[in-house]
Amino acid sequence: MKIESIQNGIVLDHITAGKALTVYHDLKLDKLDCSIGILQNVRSSKMGKKDILKIHQEYDVNLDVLGYIDPNITVSIIKDGQTIEKKKLALPKRLVNVKKCKNPRCITSVEQDIPHIFNLTDEANRVYRCIYCEADK
Amino acid sequence: MKHLIDSTDLTVEEIDDILDLAIDIINDKDKYSEACKRKKLATLFFEPSTRTRLSFEAAMMELGGNVLGFSSADSSSTAKGESVGDTVRTVGCYADIIAMRHPKEGAPMFSSMVSEVPIINAGDGGHNHPTQTLTDLLTIKREKGRLNNFTIGLCGDLKFGRTVHSLIKALSRYEGIKYVLISPNELKVPDYIITEVFEKNNIDYKEVTTMEEVMGELDIIYMTRVQKERFFNEADYVRLKDTYILDKDKLKLAKDDLSILHPLPRVNEISTTIDDDPRACYFRQALNGKYVRMALILTLLGVTV
């Protein structure tokens, strides 16, 4: 199997093995019109095995979505075949329209145009709370 | 612009200022009788209410202001499919301040994000009811003379009872308060109250399932109704509704200076035979609700007298 190295684009590395397609869908990468490499179960000295996504175009990656999925993913920006920047992820303090509130009593369950917003309330346990109804996510 | 969505939106100092203002209003009603002249309060009640809506309207009237609004979603444009955001933006063109009750949790919070005028949460589903909390705080302050160093029992529906959640959050910022949570296992307080209010702030609390075992410890007992509309299943409601009733026998176990609070309406959780007991504060509490709402309206409108 031959995977071309990227000239200009983004590499998402250290994705938990098996999660590459989740990341692909949550970042809506299916909307891009470029080649995207999805590597699954790649051997890793640190993780045992991991997934990698290679996006062959410049792309403004949503770091909040990525940080929420897995803050350990590494993001490398590639230009002219060189890594010019590595971005560090963190659990985002606020999620806007990343996930939907599932509380049937929440106002977001009946009003379609309200943004679904969650605030991080417990970093250690990754607890997000809906700003409207305060239900856990 | 300031709104009141959650009782913790207000600092302890702001709450104290509102309670002091309410007490000043009680002591000199004439001084405030024209304080809101030519101002309008809109009461947007998407869910039925007697006490809260009427106390808001009476409060504005006693301040010399006017009132408009609706008392059920059926009589508003919601019935035509209008969003709550659009309703609030529209009403903001006609009124200076809005009091909103809505069956969905967070509706007033969202409204505050789009409104041009102050929004007061007059109850959102089973979530928060901050003006009831201010009413409760004023009642405790007037009955006990303080907002610290007492043991309070909260009894009944602690799971869906929004007044209980708001009151616990507000009182958690005062010193030396012990909480006794009296409820059936099915209606215990939500986990987030335990972890994020009690445990996070090292607050003394205990959970029990009978009133008799704790009556003698309490300085205040806050009774709540087991509300039919909060249940998905009627059989659960019928099974639990009569579990906790305060009557003369249970009062014999209580301190002489116990204060009995209830947000009202009651169904049968407080026997009418104790209404004349001086420890029964719930009708004085309802009156306090009007005065504290007067103080809140003045505060949010920035009116000084």
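Treat the numbers as computed from the prediction; the structure is a model and nothing was measured.

Caption draft 1: How the structure looks around the pattern of salt bridges. On inspection of all chains with the given rule, the structure shows 18 salt bridges over all chains. A salt bridge links D26 of chain A to K99 of chain A; the nearest nitrogen and oxygen atoms lie 4.0 Å apart. Here K99 of chain A lies in the loop between β6 (94-96) and β7 (117-122) and D26 of chain A lies in helix α1 (residues 20-26), a separation of 73 residues in the sequence. One salt bridge connects E196 of chain B with R129 of chain A, and the closest N-O pair in it is separated by 2.2 Å. Taken together, the residues span two chains, with E196 of chain B in helix α7 (residues 191-199) and R129 of chain A in strand β8 (residues 127-130). The exposure class assigned to E196 of chain B is partly exposed, which follows from its relative accessible area of 26%. The network of salt bridges with common partners includes E134 of chain A together with D6 and K169 of chain B.

Caption draft 2: Geometry of the interface of chain B and chain A. Taken together, the contact between chain B and chain A spans 21 residues of the former and 17 residues of the latter. Here chain B packs against chain A, burying approximately 1,400 Å² in sum over the two surfaces, 55% of which is carbon and sulfur. Taken as a group, K104, E105 and F110 of chain B account for 38% of the area that chain B buries against chain A, more than any other trio of residues on that side. Linking chain B with chain A are two salt bridges.

What counts and what doesn't
In every chain, residue numbers begin from 1 and rise along the written sequence. Chain labels run from A onward and ligand labels from 1 onward, assigned in the order the entries are written. Only residues with pLDDT of at least 70 are given local features in this predicted model, and only at 80 or more are side-chain atom pairs given and counted; all residues enter the totals for whole chains, interfaces and linings. With hydrogens and water set aside, each side-chain value is computed from the structure's full complement of heavy atoms. Salt bridges are defined as contacts in which a side-chain nitrogen from Lys or Arg sits within 4 Å of a carboxyl oxygen from Asp or Glu. By definition, any uninterrupted DSSP run of H or I lasting at least four residues is a helix, any uninterrupted run of E lasting at least two residues is a strand, and each is numbered from the N terminus. Per-residue accessibility, obtained with a 1.4 Å probe over protein chains only, is compared with the maximum for each type, and a residue is labelled buried under 20%, exposed over 50%, and partly exposed between these values. Residues count as neighbours in contact if any of their non-hydrogen atoms are within 4.5 Å of one another. Two parts placed together each lose some accessible area under a 1.4 Å probe, and the buried area is that loss summed for both.

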